[in-house]
Amino acid sequence: GQNIDQPTEMTATEGAIVQINCTYQTSGFNGLFWYQQHAGEAPTFLSYNVLDGLEEKGRFSSFLSRSKGYSYLLLKELQMKDSASYLCAAPNQAGTALIFGKGTTLSVSS
Amino acid sequence: DAGITQSPRHKVTETGTPVTLRCHQTENHRYMYWYRQDPGHGLRLIHYSYGVKDTDKGEVSDGYSVSRSKTEDFLLTLESATSSQTSVYFCAISEGGTDANYGYTFGSGTRLTVV
């Protein structure tokens, strides 16, 4: 089976740091993806981890621990435009398509 | 991105009618996917394609069929629309499927309302 869990909602203030967690259970594993989706828009690719550790891309970083089935997305120096849903995704058992978590809606306030 | 377009963007249809949504790509990517997105459920996979005439079912395929007769087009058909199929439908394309370094590119979505 496959299950991906992430918190439903989070709030933070401008300039702060926020960490969005994702736990997953898959029988096979070939990487973990993070996508950003603004309200009314399509998801856009943020990051991909296949090895343990931290991948940094500007203000956004993503961490993976395969042994713990755990990932997080770290957003630094938050801006109002970071208000969006953040989707965690992993390949299905056959490795043919991505299965998505339900998404975490982040609200950034001034 | 301009490389993937969905049509129509919005549609209202009556229960019991057939509906076809179209996904068109200009990237020549092998993999194409249809997802639906609903509050409280997130993105759920309906069907996907890994080449012309090669398709397979996803986790919520009941009531849906697909066809891919050309690399660039992936059609999703609701044979007899029901109110439970009211949703936002996203098409996605990928050069390498779920392989490393390849992400999905999503279309802008189709908002379908079944009344």
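In what follows, the structure referred to is the one given above.
In what follows, the accompanying structure is described. Everything numeric here is computed off the predicted structure, so don't read it as measured data. (Residues numbered from 1 in each chain as written. Chains lettered and ligands numbered in written order. Predicted model: local features only at pLDDT ≥ 70, side-chain atom pairs only at ≥ 80, totals over all residues. Heavy atoms only, no water.)

### Quick look at the packing of aromatic side chains
Scanning the model with the defined rule gives 20 aromatic pairs over all chains in all. Between Phe63(A) and Tyr72(A) the ring centres are 4.9 Å apart and the planes differ by 15 degrees, which places this aromatic pair in the stacked class. We classify Tyr72(A) as buried; its relative accessible area is 16%. Grouped by ring-pair contacts, the aromatic residues Phe33(A), Tyr35(A), Phe45(A), Tyr48(A), Phe100(A), Tyr33(B), Tyr35(B), Tyr48(B), Tyr50(B), Phe90(B), Tyr104(B) and Phe106(B) constitute a single cluster. (Phe/Tyr/Trp six-rings, centres within 6.5 Å; stacked < 30°, edge-to-face > 60°. Buried < 20%, exposed > 50% of the residue type's maximum accessible area, 1.4 Å probe, protein only.)

### What to know about the sheet that holds strand E8 (residues 70–75) of chain A
All names here are of chain A. Read from one edge to the other, the open sheet built from 5 strands follows the order E1-E3-E8-E7-E6, with strand pairing classed as antiparallel. Each edge of the open sheet is held by one strand with a lone partner, namely strand E1 (3–5) and strand E6 (53–57). Taken pair by pair, the neighbouring strands of this sheet meet at an average axis angle of 15 degrees, ignoring direction. As judged from the 5 bridges shared by E6 and strand E7 (residues 60–65), these two strands associate in the antiparallel manner. In the sheet register, glutamate 56 faces E7, and the bridge partner there is serine 61. (Pairing = 2+ DSSP bridges. Helix = DSSP H or I, 4+ residues; strand = E, 2+ residues; numbered from the N terminus. Axes fitted to C-alpha atoms, helices over the stretch in contact; angles between N-to-C directions.)

### A look at the pattern of salt bridges
On inspection of all chains with the given rule, the structure shows 7 salt bridges over all chains. The partner of Asp82(A) in a salt bridge is Arg59(A), and the shortest N-O contact between them spans 2.8 Å. In this pair, Asp82(A) is assigned in the loop between E8 and strand E9 (84–91) and Arg59(A) in the loop between E6 and E7, connecting sequence segments 23 residues apart. Look at Asp82(A) and you get buried, because its relative accessible area is 2%. The salt bridge involving Asp73(B) is made with Lys70(B); its shortest N-O contact spans 3.3 Å. Looking at Lys70(B), the relative accessible area reads 40%, which means it is partly exposed. One network of salt bridges, in which partners are shared, links Arg22(B), Lys70(B) and Asp73(B). (Salt bridge = Lys/Arg side-chain N within 4 Å of Asp/Glu carboxyl O.)

### Points about unusual backbone geometry
The residue after Ser7(B), namely Pro8(B), is reached through a cis peptide bond having omega -10 degrees. Backbone geometry places Glu77(A), a non-glycine residue, at a positive phi of 45 degrees. Tracing the backbone through its elements, the reader meets Glu77(A) in the loop between E8 and E9. On the basis of relative accessibility, which here comes to 53%, the residue Glu77(A) falls in the exposed class. The backbone of Lys53(B) sits at a positive phi, close to 65 degrees, despite the residue not being glycine. Mapping Lys53(B) onto the fold places it in the loop between strand E5 (42–51) and strand E6 (54–57).

### Structural notes on the side chain of Gln37(A)
On the secondary structure map, Gln37(A) appears in strand E4 (residues 32–37). For Gln37(A), a relative accessible area of 8% corresponds to the buried category. Of the polar contacts made by the side chain of Gln37(A), one reaches the backbone oxygen of Glu41(A); its length is 2.9 Å. Those residues in contact with Gln37(A), other than ones at most four positions away along the chain, are Ala42(A), Pro43(A), Ala84(A), Ser85(A), Leu87(A), Gln37(B) and Phe90(B). (Polar contact = N/O pair within 3.5 Å; in protein donor to acceptor, adjacent residues only side chain to side chain. Contact = heavy atoms within 4.5 Å.)

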